[in-house]
Amino acid sequence: MSISRRVLLKRGVLAGVAGAVGLPLGASSRRGRRGRRTQVSDSGQGLLFGYEPFTQELVLPHVLARLTDGDRLDPNPGAYPRAGGVGSGPTTPTGSFEDVSHGIAPEFGYFPDLNQFNSGFSDGDTHEAEFGLVIEETLHQFVPDGPEVPIFAYRDVTQPPGSGTTPGPTVVVRYREPAVLRCSNNLTADRGTATDGQVNSTGNNHESSIHLHGGHNPAHSDGYPDFYTLAGESRDYWYTNCGPQSTDPETNFAPSHGDNFDEAWIPTTLWYHDHAMDVTGFNVIKGLAGFYLVVDEREDELARRGVIPVPGGSYDIGLAFQDHRFNADGTIYYDFLDHNGHIGDIFTVNGKVQPYFNVERRKYRFRILNASNARVYEMRLSSGQAMCVIGTDSWLLPRGIEVESFEVSAGMRHDVIIDFSIYEDGDEVFLENIMLQTDGRKGKKVDPDSPTPLLKFNVVGDALPEPEVQCVEGTTIRGFAVDVGEGVDDDPDLPGQWAPIREDEVVKTRTFRADRAMGAFTINNRFFNPRRADAVPELGLGAERWFFQNNAGGWWHPMHTHLEGHQVQFVDGKLPRPVRRYNQDLTLLHGGEKAECLVKYRSFSGPFVFHCHTIEHEDMRMMGVVDPTAADGDQEPFVEAGPLDGEHEIDPMVSGVVPSCLDLEHDHYLYFDVAGDLDRIAGRGVGFLECDFDMSLRGNRGRVK
Ligand SMILES: [Cu+2]
């Protein structure tokens with residue numbers, strides 16, 4: 001399957017052919033109106049299966065098991081790099097296996113004080129938790145009594161083959177509790193067929209690369225698009241579960257602990273999903289996504305005080321929204337040639353078509369994730385009741401903000417409190433979408449009169465004697481570390497206050513234009529090239545001002561930054577919506593918009609990507625590479641940088657690999673090195689090598705490396 005897009009890229013793009021057009025969408029967004037019996041799919045190929053909306057219950061993903069004594073990862077993920085020792089920074093490869101230390105990045109040396117537990121769980125206290133995920137094909141029912149549909153799923157390694165789910169198991173960790181997650185790709189090759197009872201209908205080897213969206217992790221744990229976990233192999237991902245190293249004493253607000261971490265960026269609601277080059281859209285729509293929650297002391301305390309429900313408890317619910325199309329045989333429809341973006345007419349929540357959820361008459365927290373490939377939702381409650389937003393993307397807000405609706409583009413999260421105590425026993429409320437959209441280009445318009453209900457809440461039971469969750473508009477969540485005109489945190493002893501990136505920290509300005517060429521998508525008129533850095537910030541030096549500009553009105557582009565989130569200052573000179581004025585890792589550019597963002601690159605050298613999160617745009621090359629690099633001291637601060645300032649080639653030795661490690665890694669089905677990746681990619685015939693994508697054929701813009 002992955003070949004289609006590549007063949008198309010080589011033929012269509014390079015020949016200057018505009019993107020092919022997929023099958024027309026037969027259904028409007030009005031399909032599936034509540035209360036009516038509906039044929040929920042046609043996907044342009046005839047009616048498929050009947051389903052009465054809101055007759056199946058919402059399914060909650062289970063929590064991924066922590067591996068404990070007796071079933072720990074084998075082989076051991078490793079320890080600190082030996083050559084430099086703890087705290088010494090990156091090491092020079094010495095030629096021994098220990099240089100790489102499976103699962104533990106060489107860059108770990110930058111993070112001597114990261115682990116707040118240091119329990120002795122691992123050698124050198126490199127990590128405090130181990131997890132295992134298997135990528136496999138499983139059968140899934142989107143509707144009761146419906147066809148059993150092959151999907152790609154993440155499976156808890158402690159569970160039997162074939163039990164993978166979409167979304168995958170939810171990972172729950174503590175702040176500053178580093179973890180190793182070993183991902184094994186059973187799609188399919190040797191492993192897929194070797195596992196008893198495994199469903200395996202694809203016949204193809206599928207590459208994967210897990211990205212922890214919102215995580216602050218070393219480059220080779222970040223899910224770089226071609227740092228693959230190939231079929232039949234495994235990769236260790238070392239997750240810091242920490243914020244960035246602080247570079248500024250004014251915003252390093254750490255009253256109680258965490259001496260040198262920027263607690264304004266303690267992450268909360270993350271998600272993991274596939275990010276493999278060219279095939280991310282296919283892998284995600286097939287099911288490869290899951291929640292990843294980081295809990296810190298402030299959240300604990302907020303729960304103790306009854307401000308929010310207990311994190312991860314019965315009233316803290318993850319909701320992953322997708323839109324699907326299905327083929328006539330019930331399988332998932334995906335058109336590799338629809339470069340506008342995959343749009344479906346079947347709406348799922350946590351992998352089930354239009355489910356219901358029974359709620360008590362109390363406040364709930366919902367972590368709403370747009371896991372769709374290209375759809376933009378404007379979410380609201382059918383009752384007109386406001387929701388209290390307490391977080392956007394990976395971070396909690398300083399204070400609760402009530403809204404009647406919110407816009408959520410592909411990849412975004414909104415963390416909201418909904419109060420069901422105002423309803424009576426037996427009431428029904430729908431979470432619904434009022435953004436009309438018929439293709440992947442963009443939303444057509446917000447139409448309050450044409451809602452598509454996505455999830456039904458059945459309110460049941462008696463009213464509670466008094467509210468046990470207090471959060472309302474204005475309630476302090478993270479609080480403000482400094483007074484930005486809204487006061488300061490009234491509870492400064494709690495960690496993790498929000499702080500702005502300040503103008504006087506800005507040392508460089510870059511502009512990234514989202515545009516289009518030869519039927520594919522570009523940034524600054526260039527296609528993604530995993531071996532070319534498009535921006536090279538000095539690691540840990542101040543902040544940068546990044547303009548994301550949508551050059552045309554035909555497509556919307558939600559721009560996503562890896563490693564670090566950003567703070568939007570203005571969109572076309574105006575303040576963004578109130579809920580999107582703090583920390584976020586996605587900024588949606590509507591037609592023609594220009595967003596001014598401040599961002600810092602800290603802790604880890606690259607390469608990392610930034611890209612459009614409409615996944616088909618991303619797969620069609622709308623990505624750039626940012627490679628934060630240790631300052632060499634000779635760059636002038638406060639300069640207006642060209643957009644391609646510092647462009648350079650990615651060093652194939654960037655992750656500290658040494659060639660003699662490769663055989664050992666191969667024997668253990670473990671690898672995460674750039675050079676090894678390239679060898680394997682070449683051997684397997686996957687991925688784009690430089691020669692596959694001859695930029696000189698583009699003709700008119702030069703700058704060819
Ligand atoms: Cu886009």
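What counts, and where the lines are drawn
- Along each chain, residue indices are assigned from 1 in the same order as the chain's sequence is written.
- Side-chain atom pairs in this predicted model are given and counted only at pLDDT of 80 or more, local residue features only at pLDDT of at least 70, and totals for whole chains, interfaces and linings cover all residues.
- Only DSSP runs of H or I with at least four residues qualify as helices, and only runs of E with at least two residues qualify as strands; both kinds are numbered from the N terminus onward.
- Remark: C-beta atoms are placed from the backbone, and a residue is labelled buried if 20 or more other C-beta atoms sit within 10 Å of its own, exposed if 12 or fewer do, or partly exposed between those counts.
- Here, residue contact means that the backbone-derived C-beta atoms of the two residues sit within 7 Å.
- Here the rule is simple: two strands pair whenever DSSP picks up at least two bridges between them.
- Starting at the helix axis, one direction is taken to each C-beta atom, and the arc is that of these directions.
- A fitted line through C-alpha atoms serves as each axis, taken over the contacting stretch for helices, and the angle formed by two N-to-C directions is quoted from 0 to 180°.
- Residues of type Ala, Val, Leu, Ile, Met, Phe, Trp, Tyr and Cys that are buried and joined through C-beta atoms within 7 Å form what is called a nonpolar core.

1. Observations regarding the overall build of the chain
Regarding its fold elements, the chain presents 7 helices and 36 strands. Across the 705 residues that make up the chain, the buried fraction comes to 55%. In the chain, the share of contacts with a sequence separation of at least 24, taken over all contacts with a separation of at least 6, comes to 75%.

2. Points about the sheet that holds strand β17 (residues 387–392)
The 7 strands are arranged β13-β12-β11-β15-β20-β17-β18 in an open sheet whose pairing can be described as mixed. Taken across any chain shown, the strands that pair with only one partner, and hence form the sheet edges, are β13 (352–353) and β18 (395–403). Strand direction decides the pairing type here: strand β15 (residues 363–370) and strand β20 (residues 413–419), joined by 7 bridges, are antiparallel. Bridging from a neighbouring strand, Ile 368 pairs with His 414 of β20.

3. A word on helix α4 (residues 297–304)
Among the residues making up α4, those that are buried are Arg 298, Glu 299, Leu 302 and Ala 303. On an axial view of α4, the arc spanned by its buried residues comes to 135 degrees, and they lie on one face. Where the residues of α4 are buried, they touch β10 (289–295). Gly 306 sits one or two positions beyond α4 and adopts a positive phi of about 75 degrees.

4. Quick word on the environment of Ile 368
With respect to the helices and strands, the residue Ile 368 is situated in strand β15. Residue Ile 368 is classed as buried on the basis of its 26 C-beta neighbours within 10 Å. When the C-alpha atoms of Ile 368 and Phe 321 are compared, they prove to be 7.6 Å apart, with 47 residues separating the residues in sequence. In this view, Ile 368 contacts Leu 319, Met 379, Val 408, Arg 413, His 414 and Val 416; residues no more than four positions away in its chain are not counted.

5. Regarding the sheet that holds strand β29 (residues 557–561)
Strand order in the open sheet made by the 4 strands is β31-β29-β33-β34, with antiparallel pairing throughout. Unpaired on one side and paired on the other, β31 (586–589) and β34 (623–626) mark the two borders of the sheet. On average, each strand axis in the sheet is inclined to that of its neighbour by 20 degrees, with strand direction left out of account. Of the pairings in the sheet, the one linking strand β33 (residues 608–612) to β34 comprises 4 bridges and is antiparallel in character.

6. Focus on the environment of Asp 338
Along the chain, Asp 338 turns up in the loop between β11 (316–324) and β12 (346–349). We classify Asp 338 as buried; it has 20 C-beta atoms within 10 Å. On a C-alpha basis, the gap between Asp 338 and His 617 in space is 9.8 Å, while along the polypeptide they are 279 residues apart.

7. Focus on the nonpolar core
In this structure, Val 389, Ile 390, Val 416 and Ile 417 are the most contacted members of the largest nonpolar core, which totals 156 residues. Residue contributions to this core peak at 6 residues, all from β10. Leaving out residues up to four positions away in the same chain, Val 416 has contacts with Phe 366, Ile 368, Met 387, Cys 388, Val 389 and Ile 390.

8. Describing the pairing of strand β3 (residues 129–140)
For β3, a buried count of 11 out of 12 residues is recorded, marking the element as mostly surrounded by other parts of the structure. Where β3 and strand β4 (residues 149–156) come together, 8 bridges link them in antiparallel fashion. Within β4, the position partnered with Leu 139 by the bridge is Pro 150.

9. Observations concerning the environment of Asn 551
Positionally, Asn 551 belongs in the loop between β28 (543–550) and β29. Taking the C-alpha atoms as reference points, Asn 551 and Gly 592, 41 residues apart in sequence, are found 5.4 Å from one another. When near neighbours in sequence (up to four residues on either side) are disregarded, Asn 551 contacts Arg 513, Ala 514 and Asp 515.

10. What to know about the pairing of β33
Counting buried positions along β33 gives 5 out of 5 residues, so the element sits mostly inside the fold. Of the pairings in the sheet, the one linking β29 to β33 comprises 3 bridges and is antiparallel in character. Bridge pairing in β33 links His 560 to His 611.

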